[in-house]
Amino acid sequence: MDVTTVLGSVILLHTFFYYLDRYLKGKNSQRYASFLNRFPVQIDFMNVRWTTSMFNKALCSWAMMRLKFLSKWYNIGTVITLLLCIPSLILLGSTALVSFANMMDSKKEEAMLQPVLPGVNLPSNDLPYYLITLLVCTVVHEAGHAIAAVSDQVPLVSIGLILWLIIPAAFVELPTSNVVGLSPWKQLKIYCAGVWHNIVLSAMAFAVLMMLPILLIPLFQSGAGVSVVNLNSYSTDGHHDFQVGDQLTQINDCRVTGVESWRLCLTAVLLESSGFCLDNSYLASSSSSDQLGCCNDSELSRSHLCFLSSPNFVPKKYHCLRAREVSQLSSAWCSNHKGCSSVNQSCLMPSFHSESMNETDSSRLIIVKRKSADPVLFAGLPNEIYLSVYVSDYVPRIFIGPQFINFIEHLLRYISSFSAGLAVLNVVPCIFMDGHHIVGALSEIAFEGRGSISMKRQTQYALVFLGTSLVVINITFGVLTLFL
């Protein structure tokens, strides 16, 4: 199901529940009122909000038992978050310049920060990872604000979740008067706590991702090939085709040790054709009645493949042969007749040249070796395999497949990058973001006992204007770059 279909279905569901909610409230339905009392859900146009205070007491009790640790934890976090402010502004400025230069030069180079649009620069299959990551990152972010507030004796009003279209997020409600009544440093700790938690989450996800091959040694092995975890729009034709769970070890004469070598081997196939060293006696005795048949799109091409041999040793130039039989009888790989060790051998190169159409495509005969199964023979472009066969570095030692680990690895990559991105954006002094409140608390500390109130406000407005402008410019340039 593509992104457009998903979004359309979600919009219809949101519209249905929105008008159902209004209808039931207009009818003063007692059952519906009782349901809303038990499950405090607020349905607005295109968003659903759930709030609760049931966790307030447990969270307060937990924080009270760890006040000393939490005080040090958020003091460190505040300092690190403040150190991130200037680098974040520089990063946004440089990203805006790169995006502008890409638009002017019509390039597609990636900047360090880019807006993510499902179906545009986010693969549709990765949408579940994206949504889970957003939920995890916002829950951890808001937990930082909540715990920091409770540790400074600020009561929680409520915590909750919101679903805007298909995008989930968490939020925390704090009494504004209690927060404003704190000292500027304590306010700063609460405002920086969310960014600090995102920094820690990103670092932890990255660390676990790096240690994953070591942690999984008892269950999986690395460097022994790749495992097929998914076949995206790839149609399997039986035993001699890719199957989920296959361990792939070699592409033509290129050894596969992991995902990166899998990509490099497929690229090498596209850059250079490989042939097969076969005895001349076999070629001379080949009994195909129409040697040029499969080279001219005849019925023979359904079971045979056209091969071009070196003319030095064999009179016939074209041969219609079964590709699997050729690959099994071949003694070595070659790129021309000199690549074969024996003078009694010829180098047979797969040919996709059509005599009738007088044209040649860039297809290749690709032989992918599998452990404990016959090799897969694929005639076509290497990128067709790359885009449709999803593989993993983790080859199972036992019956457990790599699909779950592949999910965990993919999710960790998203969490590490998205959480870091949210930290960078939230620390920027942009309106409606944490950076806006951070600048306010910082200016209170910086101008305490000196300067005028107007100077303090002008400084706040200037920084917020700068940060907001950078965020808006980056989003605008980033979106334009995607579509230009």
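The structure we're discussing is the one just above.
These notes cover the structure that comes with them. All of these numbers come straight from a predicted model, not from anything done at the bench. The numbering scheme is per chain: residues are counted from 1 as the chain's sequence reads. Local features are withheld for residues below a pLDDT of 70 in this predicted model, meaning they are given only at 70 or higher, and side-chain atom pairs are given and counted only at 80 or more; totals for whole chains, interfaces and linings count all residues. As a rule here, side-chain values come from all non-hydrogen atoms in the structure, and water together with hydrogens is ignored.

1. What about the packing of helix α5 (residues 127–151) against helix α12 (residues 403–427)?
Stage number 1. It is at 9 Å that the axes of α5 and α12 come closest, and there the two elements cross at 50°. Put simply, α5 runs oblique to α12. Crossing geometry of α5 relative to α12 is assigned as right-handed. Each of Tyr129, Tyr130, Ile132, Thr133, Val136, Cys137 and His141 in α5 lies in contact with α12, whose residues at this interface are Phe407, His410, Leu411, Tyr414, Ile415, Phe418, Ser419, Leu422 and Asn426.
Stage number 2. Amino acid classes used here: Ala, Val, Leu, Ile, Met, Phe, Trp, Tyr, Cys and Pro are nonpolar; Asp, Glu, Lys and Arg are charged; the rest, including Gly, are polar. Classifying every residue of the contact of α5 with α12 by side-chain character gives 11 nonpolar, five polar and no charged. Whenever a helix is involved, its axis is fitted only over the stretch in contact; in every case the axis is a line through C-alpha atoms, and angles between N-to-C directions fall within 0 to 180 degrees. Each helix is a run of DSSP H or I of at least 4 residues and each strand a run of E of at least 2, with the numbering of both proceeding from the N terminus. Angle categories are assigned with fixed cut-offs, so that under 35 degrees is roughly parallel, over 145 is roughly antiparallel, 65 to 115 is roughly perpendicular, and the rest are oblique. Take the far helix as your reference; a near helix turned counterclockwise from it by less than a right angle gives a left-handed crossing, and one turned clockwise gives a right-handed crossing. Contacts are assigned to residue pairs that have any heavy atoms within 4.5 Å of one another.

2. Regarding the state of the cysteines
Stage number 1. Criterion for a disulfide: a pair of cysteine sulfur atoms at a distance within 2.5 Å. Applying the stated rule across the entire model yields three disulfides.
Stage number 2. Paired by a disulfide, cysteine 277 and cysteine 340 hold their sulfur atoms 2.1 Å apart. Its torsion about the S-S bond being -100°, the disulfide of cysteine 277 and cysteine 340 is classed as left-handed. Highlighted residues: cysteine 277 in strand β9 (residues 275–279) and cysteine 340 in the loop between β12 (333–334) and β13 (345–350), separated in sequence by 63 residues. Across the pair, cysteine 340 and cysteine 277 agree in class, each one buried.
Stage number 3. The partner cysteine of cysteine 334 in its disulfide is cysteine 347, sulfur to sulfur 2.0 Å. To sort residues, take the accessible area from a 1.4 Å probe on protein chains only and compare it with the maximum for the residue type: under 20% means buried, over 50% means exposed, and anything in between is partly exposed.

3. A look at the pairing of strand β1 (residues 41–44)
Stage number 1. Pairing between two strands requires that DSSP report at least two bridges joining them. Taken together, the four bridges between β1 and strand β2 (residues 47–52) define a ladder with antiparallel strand orientation. Residue pairing for β2: glutamine 42 is matched across the bridge by arginine 49.

4. What about the sheet that holds β13?
Stage number 1. Reading across from one edge, β11-β10-β13-β9-β12 is the order of the five strands in this open sheet, with antiparallel pairing throughout. Looking at the sheet topology across the chains shown, the edges are occupied by β11 (318–321) and β12.
Stage number 2. Where β9 lies against β13, four bridges are found, and the strand directions are antiparallel. Across the sheet, cysteine 277 pairs through a bridge with cysteine 347, a residue of β13.

5. Things to note about the sheet that holds strand β4 (residues 167–173)
Stage number 1. Spatially, β1-β2-β3-β4 is the arrangement adopted by the four strands of the open sheet, whose pairing is antiparallel. Two strands close off the open sheet at either side, each with one partner strand: β1 and β4. When strand polarity is set aside, the average angle formed by the axes of neighbouring strands in this sheet is 20°.
Stage number 2. The sheet contact formed by β2 and strand β3 (residues 158–164) spans six bridges and is antiparallel. When the bridges of β3 are listed, threonine 52 appears paired with isoleucine 159.
Stage number 3. Sitting on the sheet, α5 is in contact with β3 and β4, with an inclination near 5° to β4.

6. Considering the nonpolar core
Stage number 1. Nine residue types can take part in a nonpolar core, namely buried Ala, Val, Leu, Ile, Met, Phe, Trp, Tyr and Cys, and a core is a set of them joined through side-chain atoms within 4.5 Å. Ranked by internal contacts, the top residues of the largest apolar core, which has 22 residues, are Tyr74, Val154 and Ile190.
Stage number 2. Broken down by element, the residue count for this core peaks at seven residues, all from helix α7 (residues 184–215).
Stage number 3. Non-local contacts of tyrosine 74, meaning those with residues more than four positions away in its chain, are made with Gly144, Ile147, Ala148, Lys189, Ala193, Trp196 and His197.
Stage number 4. Within the second largest apolar cluster, 21 residues are counted, among which are Leu127, Leu131, Leu134 and Ile405.

Scope: geometric values only; no functional claims are made or implied.
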